[in-house]
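The primary structure of each chain is shown beneath.
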Amino acid sequence: MLTHNLGFPRIGRNRELKWALEGFWQGRISKRQLLDTAREIRLENWRIQKDAGIDLVPVGDFSLYDHILDMTATLGAVPERFGFEGNEVDLDTYFRMARAEDESGPAAMEMTKWFDTNYHYIVPEFWPGQVFRLSSSRLFRQVQEARQSGVQPKPVLPGPFTYIYLGKGMEPGFDRWEHLDEIVGAYCKVLAGLGKECQYIQMDEPILVLDLDRKMLERMINAYDRLAKAAGNAKIMIATYFGEIAHPATAIKIPVAAFHLDLAQSPGQLGAVLENLPDHTALSMGVVNGRNIWRVDMDWAIDLVCQAGKVLGQDRIMVAPSCSLLHVPMDIAGENGLDPEIRTWLAFAREKCFEVAAIADAASGGQPDALIENRKILAARRACTRRMDPGVRDRLASISEQMFTRSSPFPERKKAQSALLDLPILPTTTIGSFPQTGEIRAIRKRYRQGEADREEYVQSMKEYIEFAVQQQEKAGLDVLVHGEPERNDMVEYFATKLDGFCLTENGWVQSYGSRCVKPPIIYGDVSRPHPMTILWSTFAQSLTKKPMKAMLTGPVTILRWSFVRDDQPQRDTCFQLALAIRDEV
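Residues numbered from 1 in each chain as written. Predicted model: local features only at pLDDT ≥ 70, side-chain atom pairs only at ≥ 80, totals over all residues. Heavy atoms only, no water.

Undergrad: Lay out the packing of aromatic side chains in plain terms, naming residues and giving numbers.
TA: For the structure shown, the criterion picks out 15 aromatic pairs. Ring geometry for Trp114 versus Tyr121: centroids 5.8 Å apart, planes at 80 degrees, classification edge-to-face. This pair shows no difference in class: Trp114 is buried, exactly as Tyr121 is. Centroid distance Phe126 to Phe132: 6.4 Å. Interplanar angle 45 degrees. Geometry classified as tilted. Across the pair, Phe132 and Phe126 agree in class, each one buried. What links up through ring pairs into an aromatic cluster is the set Phe24, Trp25, Tyr65, Tyr94 and Phe95. Across the ring face of Phe242, the terminal group of Arg291 is positioned such that the distance to the ring centre comes to 4.9 Å. (Phe/Tyr/Trp six-rings, centres within 6.5 Å; stacked < 30°, edge-to-face > 60°. Buried < 20%, exposed > 50% of the residue type's maximum accessible area, 1.4 Å probe, protein only. Lys NZ or Arg CZ within 6 Å of the ring centre and 35° of its normal.)

What follows is the structure in structure tokens.
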């Protein structure tokens, strides 16, 4: 039973890639130093996965900015405004596509969210007459690098259908799917080269969980027939994730050697896939959640793998995370500030690789120590009363339909608000946050580390608020904000004020490029023990006769930008957050 991984965090154990990228962009380090740092991160990532028991280690999942942008470079699909005419997309062109040089140069390509995650990708652009040709040797170099380091590489590429689907036509009425045959032809050249070096090639086609029409699926069947032939002796695996395959009876007929399913998010799809899986196709089972940080229930995962094994035989089963581990922090080691009990409940990317190996071992008849430990930890978590707050649960049960209805209709509220606020027809305001200066960050850090007392901290924040109010009044705005100098992050700030949350020290996750976020963890029932923002808003309002707008992050954003507990429906957690924010309102 083979184990494999779909992707690993790119940023490094201590965000080394972030610092190297920003140093290169600012001219503080050379191209050689940046590439050396990137290589060191890749080598460590491969070593970690191999040592954890991963048989097929992903290669090509590492990126200096974004994996979709990497595919754009590989296909030579560089927008004309960047003036690319060479055979190989160089680093300067690559970064100009992602982030531009300055206001006088060509605009960067659009960036948007990768499905329903908080990762962002660079949107491919398509136009009539576009030419696609192999224009980057990055992936081939990394495969050789991996082989030399002693790992069995599994190249990872965005599949051609997902690549086109997530792109955009640059002229009105232009159908980007007109380029499908040419793009598949360019992919064939890539696969022909990789097929000489690798046993498996992973093609990510997460659009298969969307409601595609059957005509599109037929085109995929034809295209993958070409791709499989181009790959030679290498086996192509299609990876789907973030949901359930929409049309399993048709999709599963795409002629590939293996099919990957996200069974952490959609375990119910297994039955339909087993019924329709062709005799020659292996099944990759994503039973370890790649999007959350809780330990897997190994008994549940092993049972699912064994169910499939009885139907297919163990030699046709592969065990993996549900999706790329790009969406979780790298390693729990070093998180010494976490509550020791809660820390045992967590598994970051490195730990999830060990879980995959242990599940495959146990499903093959072994009795790994990790399984015994897993059972003890999950039992302790279920027995832990700290997760539950009877007051919060009583309040959740008492939610009534009346709470979803405003007490007066909009015309009445509008009339009352107009009388109270006396605003012009088109009032002006800002979103809420003023720039976070070095001085603001410094005093906040000193206060957090105990080097500044509460009085000094509050006085500093009030001075910045006063400055923000003065600037807005000088500009002539109608509805003012306090500028939020006391907030480090629009979600993390509230997480520090609410019960049921904990924070990591180094739990960074890539959002895009060098931008990383540190999602808080919701481990228990959420409540608001004390006011969170009222001090600052009240002070700000005292400085002006104009209306002051209070700034709160909404419950759905807090939910979606956190790692959410998996021991109750997300609906309940969201309503708990809503009740806490309601108290602040």
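Picking up where we left off.
Undergrad: So what's going on with the nonpolar core? Residues and values would help.
TA: Judged by nonpolar contacts, the single largest core of 114 residues is most densely connected at Leu157, Tyr224, Leu283, Met285, Val287 and Ile359. Of all the elements, helix H7 (residues 180-195) adds the most residues to this core, at nine residues. Apart from the residues within four sequence positions on either side, Tyr224 is in contact with Gly159, Pro160, Phe161, Met203, Glu205, Ile236, Ile238, Ile254, Pro255 and Val256. Ala452, Tyr457, Leu480 and Ala495 belong to the second largest nonpolar core, which has 29 residues in total. (Core = buried A, V, L, I, M, F, W, Y, C linked by side-chain atoms within 4.5 Å. Helix = DSSP H or I, 4+ residues; strand = E, 2+ residues; numbered from the N terminus. Contact = heavy atoms within 4.5 Å.)

Undergrad: Before we move on, could you go through the sheet that holds strand E13 (residues 499-502) and cite the residues and values that matter?
TA: With respect to topology, three strands assemble into an open sheet ordered E13-E16-E17, the strand pairing being mixed. Where the open sheet ends on each side, the last strands, each with one partner, are E13 and strand E17 (563-564). Taken together, the three bridges between E13 and strand E16 (residues 521-527) define a ladder with antiparallel strand orientation. Bridging across to E16, Phe501 finds its partner in Ile522. Strands in contact with helix H22 (residues 570-584) are E13, E16 and E17; relative to E16, the strand with the most contacts, it is inclined by about 55 degrees. (Pairing = 2+ DSSP bridges. Axes fitted to C-alpha atoms, helices over the stretch in contact; angles between N-to-C directions.)

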